[in-house]
Amino acid sequence: MGDEASGSGPALRELVREAETSLLECKVCFERFGHRQQRRPRNLPCGHVVCLACVAALAHPRTLALECPFCRRACRGCDTSDCLPVLHLLELLGSALRPARAAHRCAPCGPGTLTCHHAFGGWGTLVNPTGLALCPKTGRVVVVHDGKRRVKIFDSGGGCAHQFGEKGDAAQDIRYPLDVTVTNDCHVVVTDGGDRSIKVFDFFGQIKLIIGGQFSLPWGVETTPQNGVVVTDAEAGSLHLLDVDFLEGALRRTERLQAHLCGPRGVAVSWLTGAIAVLERPLALRTGACSTTVKVFSASMQLIGQVDTFGLSLFFPSEITASAVTFDHQGNVIVADTSSQAVLCLGKPEEFPVFKPIITHGLSHPVALTFTKENSLLVLDSAAHSIKVYKVDWG
């Protein structure tokens with residue numbers, strides 16, 4: 001009995017953490033529900049739940065008309081009601097939450113642990129985001145998503161600075177953005193799966209160059225330290241380096257770095273070593289299962305590290321589906337995993353696989369990663385339509 005009781009403690013804390021993330025948090029503002037007036041959970045007529053503060057923010061000041069931020073069903077602020085199940089759950093978990101928080105204060109996270117410090121975006125601000133990048137000069141965050149203007153730029157505080165890239169069928173419009181990068185001279189490069197092209201804008205949104213007709217399906221895109229652009233072609237199974245004169249808006253040269261890749265999508269470049277990591281995600285047609293492989297090439301394009309889903313499964317208790325890849329400032333390979341909603345460190349390519357989960361809670365569907373100069377990790381959570389900022393907690 002004693003062993004069972006001691007084993008139930010971690011399980012209960014895990015359940016509480018999961019409840020806080022999945023059930024007790026408003027998915028519009030990411031604040032925790034509570035009994036205070038502004039934080040009370042409110043049922044919309046469609047069944048979705050948001051806090052009262054967000055109902056007030058979404059409603060028209062005179063007519064009180066609003067749309068559900070998730071399904072767009074129209075209603076009025078006065079049509080909402082307290083969500084009793086969530087309020088009851090708050091009561092039930094109250095005794096479990098208080099000791100958990102007290103224990104957290106007494107036993108802080110170990111050195112190097114990544115903790116979420118804040119999040120920004122949210123439904124309406126972002127819609128099904130797919131790509132994330134940082135401007136090297138300004139530190140601003142650039143996201144591509146399915147909104148009316150496909151490119152959204154946030155300041156360091158998470159406020160929307162400006163947006164561009166109209167949704168449409170014109171040549172300069174963006175039909176379906178897959179990924180984005182920002183060059184060293186602040187040009188925004190977007191891969192467009194809609195017309196299978198690469199589009200280059202200046203930082204204010206003026207179109208500079210459209211590269212079409214050269215790729216079957218351009219997907220991942222990243223900037224090199226030399227201000228080149230590497231692009232994966234998911235259908236052709238290749239990796240390319242583009243030499244672009246950004247000021248003149250001209251493509252000087254295209255070089256195929258790798259062929260015979262299997263469904264390459266995400267790509268990352270280490271600014272420490274020049275190594276390039278490619279994430280392969282082929283679809284197994286018979287089973288429908290998705291196997292992922294991370295391949296790392298040296299700056300001279302020699303394969304120096306490789307690990308696949310099977311290899312990772314030997315270290316991690318659940319199936320891993322890598323959805324994004326990046327390098328940290330020490331040259332370690334970092335991947336996002338949509339199966340376990342986690343972020344994992346695979347170590348340096350020559351040491352593969354050194355396996356260390358660095359984020360295991362608070363994510364729903366991570367699809368992009370990038371590190372800031374201050375070593376914060378930005379995670380694009382597509383299901384939450386938000387960017388979550390993780391920092392190292394040294395205790």
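The model shown is predicted, which means the values in this text are computed figures rather than measured ones.

Visitor: What is the right way to look at the pattern of salt bridges in this model?
Guide: Opposite charge on two side chains permits them to pair, given that their charged atoms come into close proximity. Evaluated as defined, the whole model comprises 14 salt bridges. With a closest N to O distance of 3.9 Å, Arg175 and Asp169 form a salt bridge. With relative accessibility at 34%, the residue Arg175 sits in the partly exposed group. With a closest N to O distance of 2.9 Å, Asp192 and Lys199 form a salt bridge. Ionic contacts of the salt-bridge type, sharing partners, join the residues Arg40, Arg42 and Asp82 into one network.

Visitor: Could you clarify how one ought to interpret the packing of aromatic side chains in this entry?
Guide: Here a ring pair, both rings aromatic, is described through the centre-centre distance and the interplanar angle of the planes. Taken as a whole and assessed by the stated rule, the structure comprises two aromatic pairs. Their ring planes at 50 degrees and their centres at 5.3 Å tell us that Phe164 and Phe201 sit as a pair that is tilted. Note that Phe164 is positioned in strand E10 (residues 160-166) and Phe201 in strand E13 (residues 197-201), a separation of 37 residues in sequence. The burial state of Phe164 is the same as that of Phe201; both residues are buried. Here Arg265 stacks its cationic end above the ring of Trp219, 4.6 Å away from the centre of that ring.

Visitor: Explain unusual backbone geometry to me, please; I cannot follow it from the model alone.
Guide: Residues other than glycine predominantly adopt negative phi, and peptide bonds predominantly adopt the trans conformation. Even without being glycine, Leu64 reaches a positive phi, approximately 65 degrees. Summarising the element assignment, Leu64 is placed in the loop between helix H2 (52-58) and strand E3 (65-67). A positive phi angle is found at Asn128, which is not glycine, with a value near 45 degrees. Relative to the elements of secondary structure, Asn128 occurs in the loop between strand E6 (113-121) and strand E7 (131-134). Overall, the relative accessible area of 38% leaves Asn128 in the partly exposed class.

Visitor: I would appreciate a short explanation of the nonpolar core in the present structure.
Guide: Across soluble globular proteins, nonpolar side chains have a tendency to be buried as a group. Judged by nonpolar contacts, the single largest core of 18 residues is most densely connected at Val294, Val296, Val325, Phe327, Val333, Val335 and Leu346. Of all the secondary-structure elements, those providing two or more residues to this core are strand E20 (276-280), strand E21 (293-297), strand E23 (322-327), strand E24 (333-337) and strand E25 (342-347). Contacts of Val325, omitting those with residues within four sequence positions, involve Gly266, Val267, Ala268, Ala277, Leu279, Val294, Val333, Ile334 and Val335. If you look at the next biggest cluster of nonpolar residues, it comprises 17 residues, including Val50, Cys51, Ala59 and Leu87.

Visitor: Would you explain the pairing of E23 in this entry?
Guide: Here is the key point about a regular strand: its side chains alternate between the two faces of the sheet. Across the six residues of E23, six count as buried, placing the element largely inside the fold. Across five bridges, the pairing between E23 and E24 is antiparallel. What sits directly across from Val325, in E24, is Val335. The turn joining E23 and E24, which pair antiparallel and follow one another in sequence, is formed by five residues; a positive phi near 90 degrees is taken by Gly331.

Visitor: Any chance you could explain the sheet that holds strand E18 (residues 250-258) here in plain terms?
Guide: Note: strands within a sheet are paired through backbone hydrogen bonds, in either parallel or antiparallel orientation. Ordered by their spatial adjacency, four strands build an open sheet running E15-E16-E17-E18, and the pairing between neighbours is antiparallel. For this open sheet the edge positions go to strand E15 (218-223) and E18, each flanked by a neighbour on one side alone. In this sheet, adjacent strand axes meet at a mean angle of 25 degrees when their direction is disregarded. The pairing of strand E17 (residues 238-245) with E18 spans seven bridges and is antiparallel. Along E18, the bridge assignment pairs Leu242 with Thr254.

Visitor: Looking at this model, I keep getting lost on the environment of Ala275. Mind explaining?
Guide: Among the secondary structure elements, Ala275 is positioned in the loop between strand E19 (264-269) and E20. Sequence separation between Ala275 and Pro349 is 74 residues, and the spatial gap between their C-alpha atoms is 9.1 Å. When neighbours within four sequence positions are excluded, Ala275 is seen to be in contact with Ala268, Val269, Ser270, Val296, Phe297, Ser298, Ala299 and Phe327.

Visitor: Would you mind going over the confidence of the model for the chain with me for this structure?
Guide: Do not read the fine detail of predicted coordinates wherever pLDDT is low. Looking at the chain, pLDDT values average 85 and 85% of them are 70 or higher. Counting contacts from residues 96-111, a segment whose pLDDT is below 50, to residues more than four positions away or on other chains yields 14 contacts.

What counts and what doesn't
- Residues numbered from 1 in each chain as written.
- Predicted model: local features only at pLDDT ≥ 70, side-chain atom pairs only at ≥ 80, totals over all residues.
- Heavy atoms only, no water.
- Salt bridge = Lys/Arg side-chain N within 4 Å of Asp/Glu carboxyl O.
- Buried < 20%, exposed > 50% of the residue type's maximum accessible area, 1.4 Å probe, protein only.
- Phe/Tyr/Trp six-rings, centres within 6.5 Å; stacked < 30°, edge-to-face > 60°.
- Helix = DSSP H or I, 4+ residues; strand = E, 2+ residues; numbered from the N terminus.
- Lys NZ or Arg CZ within 6 Å of the ring centre and 35° of its normal.
- Core = buried A, V, L, I, M, F, W, Y, C linked by side-chain atoms within 4.5 Å.
- Contact = heavy atoms within 4.5 Å.
- Pairing = 2+ DSSP bridges.
- Axes fitted to C-alpha atoms, helices over the stretch in contact; angles between N-to-C directions.
- pLDDT = per-residue confidence, 0-100.

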